Amino acid sequence: MKILKLRFKNINSLKGEHEVDFTQSPFVQNNLFAITGPTGSGKTTLLDVISLALFNQVPRLGKMSTNEIVKKGAILTRNQSEAFAEVTYACAMGEYISRWEISTNRNGNLRDYEMFLADTAQVNLDLKKSEVPGKNEELIGLNYEQFIKSVVLAQGDFAKFLQVKKEERGELLEKITGTEIYRKLGQLAFFKYRELESAVKEQQAKINTFEEQLIPQEEFEENKKQAQHIQDLKDKLQKEVEDLKTQITDKENLVELEKNIQGVENEHLENDKEKNIFEKEKGDALNKHQELQDFTDEINSWKNTTSQLEQLETKRVKNEEQLKTLSRKLEQNKTDFNSLFGLNTLEDNFTQSLNNYKQNLRNLYSERQNIVTEFKTLSKNIQQQLMSFNLVLSQNNPLETKHEVHILVQKKNKEKENLEDEHSFSTTIDFELEQEKIQLQLKKIRAAEKVYLEIEQLKKESVKESELLEQNQLDLKNLPPQIKDFQQQVDLQTAQLEAKQNAQKIADLQKKLDDYRLDLQPETPCPLCGSKEHPFAEHVPVNNDKISTEIKVFQQSLHLNQKQLTQAETQLKGLQQQNSTLEKKIIEIEKKIKLQEQNYQENFVNEIQQLKENNFTEFEEHLIKKTTELQKYKRVLEQLVDLQKLQKSIEELNDLLVRGVHKKEAIQDLYKGNNFEKELGDAEQAYVRLQQEEKQLKNEEKAISTELNQLEKQQEKTKQTLEIEFRKLGYTSIASAIEKLLPHSLFKKYSKELQDLKNRQISLSSRLQELKIQQKILLEKTTKKSLEELQKNSKDQENKRKDVEIQLNELQRIIKNQELYLKQILTIREGIGQQLKTNKRWKTLNDLIGDSKGKKFNDYAQDLTLSQLLMLANKRLVLLTDRYKMDKPLADEDDSLVAIDEHMGGQRRSVKTLSGGETFLLSLALALALSDFASRNVEINSLFIDEGFGTLDPETLDQTLDTLEVLQAKSSKMIGVISHVTSLKERIATQIQLSQNGQGYSSLKVV
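Given the structure is predicted, the values throughout are model-derived calculations rather than measurements. (Residues numbered from 1 in each chain as written. Predicted model: local features only at pLDDT ≥ 70, side-chain atom pairs only at ≥ 80, totals over all residues. Heavy atoms only, no water.)

**Some remarks on the overall build of the protein**
Phase 1 of the analysis: Helix and strand counts for the protein stand at 25 helices and 16 strands.
Phase 2 of the analysis: Expressed as a percentage of its 1007 residues, the buried residues of the protein come to 35%.
Phase 3 of the analysis: Considering only intrachain contacts with a sequence separation of at least 6, the fraction spanning at least 24 residues in the protein is 72%.
Phase 4 of the analysis: For the protein, the exposed area adds up to about 62,500 Å²; of that, 49% sits on carbon and sulfur atoms. (Helix = DSSP H or I, 4+ residues; strand = E, 2+ residues; numbered from the N terminus. Buried < 20%, exposed > 50% of the residue type's maximum accessible area, 1.4 Å probe, protein only. Contact = heavy atoms within 4.5 Å. Areas by Shrake-Rupley, 256 points an atom, 1.4 Å probe, with all protein chains shown as cover.)

**What about the packing of aromatic side chains?**
Two aromatic rings are characterised by how far apart their centres lie and by the angle between their planes.
Phase 1 of the analysis: This structure, assessed with the given rule, holds eight aromatic pairs.
Phase 2 of the analysis: Taken together, a centroid distance of 5.1 Å and an interplanar angle of 80° make the contact between Phe190 and Phe191 edge-to-face.
Phase 3 of the analysis: An aromatic cluster is built from Phe22, Phe27, Phe33 and Phe944, whose rings are joined through pairwise contacts.
Phase 4 of the analysis: One Lys or Arg, Lys129, reaches over the ring of Tyr113 and ends 4.6 Å from the middle of that ring.
Phase 5 of the analysis: The aromatic ring of Trp842 is capped on one face by Lys192, whose charged end is 5.9 Å from the ring centroid. (Phe/Tyr/Trp six-rings, centres within 6.5 Å; stacked < 30°, edge-to-face > 60°. Lys NZ or Arg CZ within 6 Å of the ring centre and 35° of its normal.)

**Describing unusual backbone geometry**
Phase 1 of the analysis: With an omega of 5°, the peptide bond between Ser25 and Pro26 qualifies as cis.
Phase 2 of the analysis: Secondary-structure assignment places Pro26 in the loop between strand 2 (14–21) and strand 3 (32–36).
Phase 3 of the analysis: Here Asn12, not a glycine, exhibits a phi torsion of approximately 55°, which is positive.
Phase 4 of the analysis: One can find Asn12 in the loop between strand 1 (2–11) and strand 2.
Phase 5 of the analysis: The backbone of Asn390 shows a phi angle near 60°, a positive value even though the residue is not glycine.

**What to know about the sheet that holds strand 10 (residues 884–887)**
Phase 1 of the analysis: Strand order in the open sheet made by the three strands is 10-11-12, with antiparallel pairing throughout. Edge positions in the open sheet fall to strand 10 and strand 12 (907–910), since each of these has one partner strand only. In this sheet, neighbouring strand axes are inclined to one another by 35° on average, regardless of whether the strands run parallel or antiparallel.
Phase 2 of the analysis: Pairing of strand 10 with strand 11 (residues 898–901) involves four bridges; the strand directions are antiparallel. Among the inter-strand pairings, Lys885 is bridged to a residue of strand 11, identified as Ile900. (Pairing = 2+ DSSP bridges. Axes fitted to C-alpha atoms, helices over the stretch in contact; angles between N-to-C directions.)

**A word on the pairing of strand 1**
Phase 1 of the analysis: Taken across its 10 residues, strand 1 has seven buried, putting it largely inside the fold.
Phase 2 of the analysis: Pairing of strand 1 with strand 2 involves six bridges; the strand directions are antiparallel. Pairing of Leu6 across the sheet is with Val20, part of strand 2.
Phase 3 of the analysis: In this antiparallel pair of consecutive strands, strand 1 and strand 2, the connection spans two residues, and Asn12 shows a positive phi of 55°.

**Quick look at a nonpolar patch on the surface**
Phase 1 of the analysis: Taken together, the side chains of Ile181, Leu185 and Leu188 present a nonpolar region at the surface, about 260 Å² in accessible area.
Phase 2 of the analysis: Relative to the elements of secondary structure, Ile181 occurs in helix 7 (residues 181–213).
Phase 3 of the analysis: Exposure remark for Ile181: the relative accessible area of 46% places this residue in the partly exposed category. (Patch = residues over 30% accessible without salt bridge, like charges linked within 9 Å, V, L, I, M, F, W, Y side chains within 5 Å. Salt bridge = Lys/Arg side-chain N within 4 Å of Asp/Glu carboxyl O.)

**With respect to the pairing of strand 11**
Every regular strand shows the same layout, with side chains that alternate between the two sheet faces.
Phase 1 of the analysis: Judged by which residues are buried, strand 11 turns out to be covered on both faces: Val898 and Ile900 on one side and Ala899 and Asp901 on the other are all buried.
Phase 2 of the analysis: Summarising the sheet, strand 11 and strand 12 pair through four bridges and their orientation is antiparallel. In the sheet register, Ala899 faces strand 12, and the bridge partner there is Arg909.
Phase 3 of the analysis: Connecting strand 11 to the antiparallel partner strand 12 that follows it, the hairpin turn spans five residues, and Gly905 within it adopts a positive phi of roughly 70°.

**What about the side chain of Thr88?**
Phase 1 of the analysis: Here Thr88 is to be found in strand 6 (residues 82–91).
Phase 2 of the analysis: Excluding residues that lie within four positions of it along the chain, Thr88 makes contacts with Lys2, Ile3, Leu4, Lys5, Tyr96 and Ile97.

**Section: the pattern of salt bridges**
Phase 1 of the analysis: Per the counting criterion, the structure on display carries 28 salt bridges.
Phase 2 of the analysis: Among the ionic pairs, Asp112 bridges to Lys129, the shortest N-O distance being 2.5 Å. Residue Asp112 is located in the loop between strand 7 (94–103) and strand 8 (114–119), and its partner Lys129 is located in the loop between strand 8 and helix 3 (132–140); the two are separated by 17 residues in the primary sequence.
Phase 3 of the analysis: Take Lys129: its relative accessible area is 24%, and that puts it in the partly exposed class.
Phase 4 of the analysis: Connected through salt bridges with shared partners, the residues Arg7, Glu17, Glu19, Glu86, Arg99 and Glu101 form a single ionic network.

**So, the side chain of His18**
Phase 1 of the analysis: Structurally, His18 can be placed in strand 2.
Phase 2 of the analysis: Classification of His18 by relative accessible area gives buried; the value is 12%.
Phase 3 of the analysis: His18 has contacts with Leu6, Arg7, Phe8 and Leu1004, leaving out every residue within four places of it along the chain.

**Concerning helix 1 (residues 45–55)**
Phase 1 of the analysis: Within helix 1, 11 of the 11 residues are buried, which leaves the element mostly enclosed by the surrounding structure.
Phase 2 of the analysis: Among the residues trailing helix 1, Asn56 stands out with phi positive, at a value near 55°.

**A closer look at the nonpolar core**
Phase 1 of the analysis: Counting residues in each nonpolar core, the largest one holds 81 residues, and the members touching the most others are Ile3, Phe22, Ile75, Tyr89, Phe147 and Ile992.
Phase 2 of the analysis: Contact partners of Ile75, with chain neighbours within four places excluded, come to Asn10, Ile11, Asn12, Leu52, Val58, Met64, Ile69 and Trp100.
Phase 3 of the analysis: In this structure, Val405, Leu419, Phe431 and Phe619 belong to the second largest nonpolar core, which totals 39 residues. (Core = buried A, V, L, I, M, F, W, Y, C linked by side-chain atoms within 4.5 Å.)

**Some words on the confidence of the model for the protein**
Phase 1 of the analysis: Overall, the predicted model of the protein reaches an average pLDDT of 79, with 89% of residues at or above 70.
Phase 2 of the analysis: Across residues 540–544 the pLDDT falls below 50, and counting only partners more than four positions away or on other chains, this stretch makes six contacts in the model. (pLDDT = per-residue confidence, 0-100.)

**Some points on the packing of helix 12 (residues 398–423) against helix 17 (residues 616–670)**
Phase 1 of the analysis: Between helix 12 and helix 17, the least distance of the axes is 9 Å, while the angle of their chain directions is 160°. Overall, the two elements helix 12 and helix 17 adopt an arrangement that is roughly antiparallel. Of the two possible hands of crossing, helix 12 and helix 17 adopt the one that is left-handed.
Phase 2 of the analysis: Residues belonging to the contact of helix 12 with helix 17 are distributed by class as follows: 14 nonpolar, seven polar and eight charged. (Parallel < 35°, antiparallel > 145°, perpendicular 65-115°, else oblique. Left-handed = near helix turned anticlockwise from the far one by under 90°. Nonpolar A, V, L, I, M, F, W, Y, C, P; charged D, E, K, R; others polar.)

**Details of the environment of Ser995**
Phase 1 of the analysis: Of note, Ser995 is situated in strand 15 (residues 991–996).
Phase 2 of the analysis: Residue classification places Ser995 among the partly exposed positions, given a relative accessible area of 35%.
Phase 3 of the analysis: Looking at Ser995, its side chain comes within polar contact range of the side chain of Ser1003, at 2.9 Å. (Polar contact = N/O pair within 3.5 Å; in protein donor to acceptor, adjacent residues only side chain to side chain.)

**Concerning the environment of Glu569**
Phase 1 of the analysis: Tracing the backbone shows Glu569 in helix 15 (residues 546–603).
Phase 2 of the analysis: Glu569 sits 90 residues away from Leu479 along the chain, and the two C-alpha atoms are 8.2 Å apart.
Phase 3 of the analysis: Beyond its immediate sequence surroundings of up to four residues, Glu569 is in contact with Ile483 and Gln487.

Set out below in structure tokens:
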């Protein structure tokens, strides 16, 4: 990931719009630059712009929102109404522009911020503003915390980190790397295990509570037997109650049935009254209507015919108006044909004239189109051929192109003659045969070169093995005397050691009580009394055991000499075997050299004669050049053939252009318009359509007249028939008879009322008969006891049943509770068993990493992190200096980190002993390592180094800047140094200078 450009406006103290383009001068010439300016001028604002535009966060303030900006008075420059921060960056997925902006409304209040992400074509990605930081994280491959640690290197934190104690170093490393998660995991393991153990205890307490509620097993079994007996008694009483309820229901049903019979009889009488009233009020009108119903078809026919006559008259008037309009349109169509095409639509042979005209003009258009198509196809082919000669076809003047081709032919002929003169080529040459000859020569010369190089390699290998054999011979002469000396020393020291050990045994036998007191150890039995408590073991006079010390010295020396003797004997044996192998190998190599030289002389006689001092490369280049020139000569011949064909094609193209012009003039003589087919087609379609419409309207006029005559005759015949029939029924006219017809809806209503009355009469009669049958059946099965007596008996039995049910419910409750408690106890115990299995894993985890403060796991994780960080730092440090490497302190060393001084034979020194410049180098390497650590899978090509330069003396500052220049040159990174040190201006030419004015604003300048 690399920062390409910064654009921002009104951010913090930098008022106005500013731009820093790292892809332009002076950053292109020098990727090491300084960001300089006095304290408070806005040097770190540039870093705020980057993090704000990418992640909507600022290192010192956190995540930004409108409320945060108002509350903290940050980001937006004082007295300004808008601000934006924009970063253009390159990543593995391409180049993108991320923008953050905010502004005020007309009331001076801040609107909500906006964020956009676009590609370099300024096309915005379809993202919500809340999705932009996540998308940047996906593209860059780093989240906000990783990005800040990778791009902004505050080496001052690492200068402290180098020298603090182990406990403080862990806390500082946790802060720098953001690895607080390990402490939280340790605490989580501890509290999780404590929570699970507490849960098990709670479940055990529940079991105890349930066990206290249980009754004895004998009492539980007796309750179950008693509950079964009471259940049988309850069932018997329930059956008696149900039988009494059935008898009561039958008695009540009989009373209700008698009431229903009386009600149905009353309804029957009421229905008869309603039927008589209907006959008086509506019966006559209904009868009149039914009387006329026999003539319904004739009446409807008479009405329909009258309506059709009225509609036809309206249609006839409309047809006359349409004929007049159509006549005007025909006249206009005649004018259009005459003015556009010179044709008269009133001529008898108009259709034939029109077809002849169309055919003639279409033939001309078709011929011209064929010429155009042929012209385009030929033009395209010529243009494609001309492209290989870097020529362009002039379609308006092909002869001009022909002249250019002629010049090119002359040039190619000249090139052909030069090649023939230089290499004796001719047009009759067999290119494939000649090419094969050259390739065969190349193959042979390369094979000869391969054999020659193999011989040279074998000779070098033979010399190398011979030298190694000579060296081994010298070593073999020196080893036997050494082995003899080592053997003598071993024998001598073995005898001396045995003597000392014998003296030790004698001394042990003469040991006094004080000696035994010296040997007493805590919790170890006394060799005299067997006690593990030794009150007299303290304050014993010191006894210097000289013999034991001498034995240990002899044992160490003997072991060393035995080891050296074994090594010398092993080396002697190894050299003897190696020499035997080398002698065989040298003989084999000499045989191979002789065989290869014989092969070289026999198989490559001709090639050796052509070579000069075994210069294979020069001869190969000569053959390759000849191949290239041969291919060039062949290509020139082919181009000459193609150019001759091109000249003929251009002549054909010019002929097509002339013919096309003639056809265009012939078309213009017949037709002056712009779109022949459309205009003629529209006029012809209008003519045909109008003719058809005229014919159709005249046919409709004739049909209307015929239909009117038929309907008038039919109407008269129907009228005569109806008048005769209606007079028989006493009506004077058709109209007076039709008045007596009821509306269809009213007729249906009257008919329905009459039918409903009849149906109800039938239904009531049937219902009354059914009720009387039911009455007879109930009288036969109903008891003679009164309803009150039956209800009293039912109530008594129900009370007995309820008393029994109360006893049963109490027993069932006790039994159910007992079973529920037992089941819950079993379930809880099973749960405790499963929980204990889970707890076992958490107990193991708690034992390994858990404690209330998370220190155990955090210390372990930070130690691993430190090891990895130091490994990365040492890789960076070797680019800065070859003197030092960093390491963790050993148990007997100072708590601060250790510098291994390679110039002093690997001496380990505390970093506290280093100079300021050396400390800076180590802290810078750690800062760079953190950048590598935070961006393990992402290449970061933009770094900003903050802090530390103001504390360096001039000599150390020069050394530091030299180091940064080396780092930039070796890594090709863009490195920005943030500092207010004035001397930086003399060493770093490219600078972003910030300066303050008197109003609290700052300005920015790139030099």
